[in-house]
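# Structural overview
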Amino acid sequence: MDPSSFQPIDCDVHPAIPTTRALLPYLDAYWREHITRRGLEADNLELNSFPSNAPLNSRPDWRPERGPAGADLTLLRRHVLDTFRSRYAILNVLNGAQILHSEDLSAALCRGINRWIAAEWLDRDPRLRASITVPVLSPELAAEEIERCAEDKRFVQVLLLSQTEMPLGRRQYWPVYRAAEKHGLPIGIHAGSAQFHPPSATGWFSYYLEDYVQHAQGFAGTLNSLLTEGVFVKFPKLRVVLIESGVTWFPAYMWRINKTWRGVRAETPWQERVPSEVIRENVRLTVQPFDAPDTVAQVKTLLEEIGSDQMLLFSTDYPHWHFDGADAVPEGLPPDLIGKILVDNPLETYPRLAQPDLA
Amino acid sequence: MNVTLLNPQIETSQQSHLGFIDCDVHPYFKSPAEFDAFLPQKWREHRASVGGRTRQGLAKASNYPRMSPGVGQRMDAWPPDGSHPGSDLPFMQLQLLDKFNVAYGLLAPLVGGGAGERNIDFGAAMATAVNDWQLARFCDPDPRLKGAVQINIEHEKAAIAEIEARAGDRRFAQVNIPPRSIEPLGRRRYWPILEACAANGFPVSLHLGGTAGHASTGGGHPSFYHDEHPSYVQSMAALVTSLVCEGVFEHLPNLKVVLVEGGFAWLPALSWRLDNTWKALKAEVPFLRRKPSEYVRQNIWVTTQPIEEPERPADMLSTLEWIGVDRVMFSTDYPHWDQDDPRFAFKVPLPEDWKRKIYHDNAMAVYGFE
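A few points on the structure. Just so we're clear, the structure is a prediction, and the values are computed from it rather than from any experiment.

On a plain count of helices and strands, chain A comes out with 11 helices and 8 strands. Against the compact-globule benchmark of 21 Å for 359 residues, chain A has a radius of gyration of 19 Å, which places it among compact chains. In terms of overall dimensions, chain A has a C-alpha envelope of 55 × 45 × 45 Å along the principal axes. The 359 residues of chain A split such that 56% are buried.

Right, dumping it as structure tokens:
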């Protein structure tokens, strides 16, 4: 279904940094010199989780003649913003700067990315908003960057990758959640792995197909950690958006963690509420990929099992390839839900979107 | 703080669940020295000195302590003589086999450490010992109990030799492969072992647990048993993904794979995700001549425990349909803390023919019992 009549809010769009060199003007002088001295501006910091030329990551008709898909604002407008008449689109940068082992280098590049996004995207199109890119290995420096970017109300979310060094609920990460909650910024957890660990307890897969499929399971582990560590108890106002996680995995996931909680909650006594209740209050999912079942009847059942009209957020996941043409809305969604997914739920999840237009 | 949750205890006990086949029963030892009778002298000595060595920091305890004594046993399953749950055959008969008139119980011995042992010669020796031990202590005294051939997955030669040595011995129902090997099971390095299973008519059971030394999740080590326990689902999903996407089932269309103790409600969404993702990435896996979900439907069975409990009990029926009622086999996981009781496991009444299949007929077909 083509959502353009609703003027949707697109909650997951990926601008590509054409080369690391593009960030140089946005770095502090020290880092500009340091990076150039080491030749790092020539590095392509593409993530293993998202090889840019893989068909899944680059819909054929969205691929430019040169350079990675998603690097060109003109094309972004033509392909999604104007096509879908989006009222807003939230930009999420997928880049290895987040996962570099050197915390200071990572923080410097992330700061550069945030400045680059503001200057070359947000400043050029009033429909655009962005997530704050932060160094995942340093929660302290990440919190500092959140403080710095929060002033600019066009930053509407903090961006993390779902699989890094430790499960994201662990207390070492709490400075990030504290800062985000303070500023009313949701935490956007995006599919992807720093690959500090293999995708599963059983080691490294051979194929990209397998890695990508396993992201849904990665999200299960991530969300379990947020719940069991009590992140939502400590930060009750925190919202978490699972971005590009798939959708249909969710009901069976909730059933399992609910049952585990009933049996094992003595270990985590701060978890006083059944997980699915906390999830429905605090967690949202973007809709692409949907991982659609075979029939519309199954979609209906799955939506009932998800059990919340507020859970799903529209996204194209541009330029990743999850739908053809303008068919951005998964098939089988009941009409009364579509408007919520396309507009109401994103507005409710990202309070900053509702603010009047910003300079 | 106690909160009443809507969770009715629906007793669905009807005659058709009695005489069921239990696809997951855990035998234990009264003392580790029990294995000595089945070990060559040099390994007896090794076991008593350096001992078993796994890929985790603690030598003798689990990284994720369980919630009940005996490493996560049912509180009422301790035999009268105080020995470990599952170690006393008469008590197992009382609590499980005779009580429910169990037709067959498939053993999953998570003992001996042979499967994950780093010294692969010791591991192979322990695997053989555990196989002999199963027969002597359980399968021969009570032929309702069927053994599972233990192997050390990293010792290809010994594993194949063990599989071939047990081939044709109907006291063994399947080969048990530890689901946390160093690499995902679909990787080609393991194909000779899978080929041996298929060639010798053994289904492969993948019973969760253990560690290959990798973190339980792709995002690192959980803190709690609370998030470790559900990570078994993530490992099971990884196994299905690997077996399917590497083309194992294209290569071995007759190989039966049984997923044990992972639950099952997650399987339909994994199948859809595999199909949808594969559409854009077919060129990477050109040897797959069919949709991934077709391989799942052809080669994979699931056991029920720990059975998921949908918030709307009736959703269990659609979940079973989506997997295929003929691919689901009942298991208790006796005597673990989270075991399922056949009278209460399903919170929704099942159609009569579904019950016959899930509790009995599917396992009869998969394992070729008479």
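Once the structure has been displayed, the description carries forward.
Here we come to the sheet that holds strand β6 (residues 240-243) of chain A. Residues and elements named next belong to chain A. Read across the sheet, 8 strands follow the order β1-β2-β3-β4-β5-β6-β7-β8 without closing on themselves; strand pairing throughout is parallel. Edge positions in the sheet fall to β1 (9-13) and β8 (312-313), since each of these pairs with one other strand and no more. Bridge analysis of β6 against strand β7 (residues 283-286) gives 3 bridges, and the strand direction is parallel. Residue pairing across strands places V240 opposite V283, the latter belonging to β7.

Attention now moves to unusual backbone geometry. With an omega of -5 degrees, the peptide bond running from Q288 of chain A to P289 of chain A counts as cis. Mapping P289 of chain A onto the fold places it in the loop between β7 and α10 (296-306). Backbone torsion omega between Q305 of chain B and P306 of chain B reads -15 degrees, so that peptide bond is classified as cis. Tracing the sequence through the fold places P306 of chain B in the loop between β7 (300-303) and α12 (315-323). Even without glycine at this site, Q195 of chain A takes up a positive phi of about 55 degrees. Relative to the helices and strands, Q195 of chain A resides in the loop between β5 (187-193) and α6 (208-228). The phi dihedral of N101 of chain B is positive, around 50 degrees, even though this residue is not glycine. Here N101 of chain B shows up in the loop between α3 (89-97) and β2 (104-107).

Turning our eyes to something else, we now look at the interface of chain A and chain B. Tallying the contact residues gives 64 residues for chain A and 62 residues for chain B. Going through the elements one at a time, β4 (155-163), α6, α8 (250-264) and α10 of chain A are the ones with two or more residues in the side of chain A that touches chain B. The greatest single-element share of the side of chain A that touches chain B, amounting to 15 residues, is contributed by α6 of chain A. For the side of chain A that touches chain B, the class distribution of residues is 29 nonpolar, 25 polar and 10 charged.

All names here are of chain B. Strand order in the open sheet made by the 8 strands is β1-β2-β3-β4-β5-β6-β7-β8, with parallel pairing throughout. The sheet terminates laterally at β1 (21-25) and β8 (328-329), the two strands that pair on one side only. Pairing of strand β3 (residues 145-150) with strand β4 (residues 172-176) involves 4 bridges; the strand directions are parallel. When the sheet's bridge partners are listed, V149 is paired in β4 with V175.

Thresholds, definitions, all that
Residues numbered from 1 in each chain as written. Chains lettered and ligands numbered in written order. Predicted model: local features only at pLDDT ≥ 70, side-chain atom pairs only at ≥ 80, totals over all residues. Helix = DSSP H or I, 4+ residues; strand = E, 2+ residues; numbered from the N terminus. Rg over C-alpha atoms; globule rule 2.2 N^0.38 Å. Buried ≥ 20, exposed ≤ 12 C-beta atoms within 10 Å, placed from the backbone. Pairing = 2+ DSSP bridges. Contact = placed C-beta atoms within 7 Å. Nonpolar A, V, L, I, M, F, W, Y, C, P; charged D, E, K, R; others polar.

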